[in-house]
2 protein chains.
Amino acid sequence: MDTGARDSGNALLFLTDEQLRKGIEAMFFAYRGFTADPDRILADMAYGRAHHRAIHFINRSPGTTVNNLLAILGVTKQSLNRVLRALVEDGLVRSEVGQRDKRERHLFLTDAGEALERTLSDAQRDRMRAAYRAAGPDAVAGFRQVLEAMMDEESAARYAALKDLKG
Amino acid sequence: MDTGARDSGNALLFLTDEQLRKGIEAMFFAYRGFTADPDRILADMAYGRAHHRAIHFINRSPGTTVNNLLAILGVTKQSLNRVLRALVEDGLVRSEVGQRDKRERHLFLTDAGEALERTLSDAQRDRMRAAYRAAGPDAVAGFRQVLEAMMDEESAARYAALKDLKG
DNA sequence: CATAATACGTCAGCTTTGTTGACATTCCAA
DNA sequence: TTGGAATGTCAACAAAGCTGACGTATTATG
């Protein structure tokens, strides 16, 4: 590992149990804020966070297959299927039989699906943007660094797989 | 608000939707990592994340009342009660009738409770410490800044209330 | 061509963790 | 002494995860 931190003097005070506990608690409460706005919107419909996640990643990678989505989300197909079925029935997601491989179903958002996606994303992005703006670019860089270092192996792999697609 | 970021040139590139989306996805996957280790430990027992949270905050503020815990966790008393009952029955939490106000129950971890708390905290702290060490103190400062700016009002109030107790 | 593997869907049942609503008990305080 | 606050309990329910089993196309492989 490329250690940027030199162990000079009390430079390691940020690694005390006290500081770590604060970080843990901040992470807990921040995640609440992170999901609060979409949660509020979804509560009015018959949807939850699972639907939001599905919609987010279908929007991010239109035409993705069920198996792809399964791998990214890390849930069982039964769990995802329940969510997808509702979204398809409600006309938010379109499921297309694959051309090369007819076993596969490619998933797309319908116009209504895209509209909901935008509503949810806007709410979540607005909070994120406000936090970013308040903290400044250097803080944001650190934020991202720590987050990426905090992922477990599986999550990191999923996050990395996303990068190949777009960003 | 004290804005550290100057709007000079392309200094706002960190506020693009693209960057925000990356932050959102990083937050999602990082939270998985954040809970992965305790989750693994708890899965072997009949416990879940809710038990972990209760144990964490009882450990942090020994003698706290049920109502206090309710306010911090932001769940219903019925939901918390189920969790607390299990922990008390299993001898991990001790519930003491208040002296000044006998309606209140003050919560403490037993030795067994403290042992489990240490096991869970160690797992979570280890990952956090590794992430902190890899990212360095400046990144950690930014991480904390963004997290605190991301909390919704309620979560921020709960987080702030904790500070009054210890740190 | 026969068989195995893959992708997907579905049924049934279980768990955790949250929710409401109703109601009893205890006890402080006006 | 009576009203209200704090606590606890019962019942019923929902969201979203899980396992296991099974069915059905479709593709890949021996």
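Remember, it's a predicted structure, so these values are computed and weren't measured experimentally.

Reading the values: the criteria
Residues numbered from 1 in each chain as written. Chains lettered and ligands numbered in written order. Predicted model: local features only at pLDDT ≥ 70, side-chain atom pairs only at ≥ 80, totals over all residues. Heavy atoms only, no water. Buried < 20%, exposed > 50% of the residue type's maximum accessible area, 1.4 Å probe, protein only. Helix = DSSP H or I, 4+ residues; strand = E, 2+ residues; numbered from the N terminus. Arc of directions from axis to C-beta. Near = heavy atom within 4 Å. Polar contact = N/O pair within 3.5 Å; in protein donor to acceptor, adjacent residues only side chain to side chain. Contact = heavy atoms within 4.5 Å. Buried area = accessible area lost by both parts, 1.4 Å probe. Salt bridge = Lys/Arg side-chain N within 4 Å of Asp/Glu carboxyl O. Nonpolar A, V, L, I, M, F, W, Y, C, P; charged D, E, K, R; others polar. Least-squares fit on C-alpha atoms with pLDDT ≥ 70 in both. Pairing = 2+ DSSP bridges. pLDDT = per-residue confidence, 0-100. Axes fitted to C-alpha atoms, helices over the stretch in contact; angles between N-to-C directions. Parallel < 35°, antiparallel > 145°, perpendicular 65-115°, else oblique.

Asker: Any details on helix 3 (residues 66-73) of chain B? Residues and values, ideally.
Answerer: An α-helix turns once per 3.6 residues; consequently, residues spaced three or four apart project the same way. Residues and elements named next belong to chain B. Where helix 3 is concerned, the buried positions are L69, L70, I72 and L73. Burial along helix 3 is one-sided: seen end-on, the buried residues are contained in an arc of 165 degrees. G74 lies just past helix 3 and shows a positive phi near 70 degrees.

Asker: So what's going on with the protein's contact with DNA strand D? Which residues, and what values?
Answerer: Neighbouring residues of DNA strand D: 24 residues in total, closest G48, R53, T76 and R82 of chain A together with N67 of chain B. Counted by atom, the contact set of DNA strand D within 4 Å of the protein is 57% sugar and phosphate. G48 of chain A places a main-chain nitrogen or oxygen 3.4 Å from a phosphate oxygen of DNA strand D. Broken down by secondary-structure element, the contributors of at least two residues to the surface near DNA strand D are helix 2 (49-60) and helix 4 (77-89) of chain A together with helix 3 and helix 4 (77-89) of chain B. Among the elements that take part in the surface near DNA strand D, helix 2 of chain A stands out by supplying four residues, more than any other.

Asker: Requested: an account of the interface of chain B and chain A, with residues and values cited.
Answerer: The interface of chain B with chain A comprises 60 residues on the first partner and 60 residues on the second. Of the roughly 6400 Å² buried where chain B meets chain A, counting both sides, 71% is carbon and sulfur surface. Inspection of the region where chain B meets chain A yields six salt bridges. A salt bridge links R60 of chain A to E25 of chain B, with the nearest nitrogen and oxygen atoms 2.6 Å apart. On inspection of chain B and its partner chain A, the count reaches 16 residue pairs in polar contact (both at pLDDT 80 or more). Secondary structure elements with two or more residues in the side of chain B that touches chain A: helix 1 (17-44), helix 2 (49-60), helix 3, helix 5 (111-135), helix 6 (137-150) and helix 7 (153-165) of chain B. Tallying contributions element by element places helix 1 of chain B first for the side of chain B that touches chain A, with 19 residues. Grouping the amino acids of the side of chain B that touches chain A by side-chain chemistry returns 33 nonpolar, eleven polar and 16 charged.

Asker: Can you explain the relation of the copies chain B and chain A? Please cite residues and give values.
Answerer: The two chain copies are related to each other by a rotation about an axis together with a translation along it. Of the transformation placing chain B onto chain A, the axial shift is 0.0 Å and the rotation is 180 degrees, giving an RMSD of 0.1 Å. Both copies are brought into coincidence by an operation consistent with a two-fold rotation axis. For chain B, the residue whose C-alpha comes nearest the rotation axis is F143 of chain B, separated from it by 1.8 Å. Interface overlap between copies: 100% of the residues of chain B at the interface are likewise at the interface in chain A, consistent with a symmetric, same-surface contact.

Asker: Got a sec to walk through the sheet that holds strand 1 (residues 64-65) of chain A? Specific residues and values, please.
Answerer: Residue and element names in this part refer to chain A. Ordered in space as 1-3-2, the three strands form an open sheet in which the pairing is antiparallel. Both edges of this open sheet fall to strand 1 and strand 2 (93-97), since each of them pairs with a single strand only. Sheet topology places strand 1 next to strand 3 (residues 105-109); two bridges connect them, and they run antiparallel. Bridge pairing in strand 3 places T64 opposite L107.

Asker: Please provide a residue-by-residue account of the confidence of the model for chain A, values included.
Answerer: For chain A, per-residue confidence averages 92 on the pLDDT scale, and residues scoring 70 or more make up 93% of the total. Within the model, pLDDT remains below 50 along residues 1-7 of chain A, and this stretch shows four contacts once partners closer than five positions in the same chain are excluded.

Asker: I'd love a proper account of the packing of helix 5 (residues 111-135) of chain A against helix 1 of chain B, names of residues and values included.
Answerer: The angle between the axes and the distance between the axes are what describe a pair of packed helices. Where helix 5 of chain A meets helix 1 of chain B, the axes come as close as 10 Å, and the angle between the chain directions of the two elements is 100 degrees. Relative to helix 1 of chain B, the element helix 5 of chain A is oriented roughly perpendicular. Across the interface between the two elements, Q124, R125, M128, R129 and Y132 of chain A of helix 5 of chain A pack against D17, Q19, L20, G23 and I24 of chain B of helix 1 of chain B. Looking at the contact of helix 5 of chain A with helix 1 of chain B residue by residue, the class counts come to four nonpolar, three polar and three charged.

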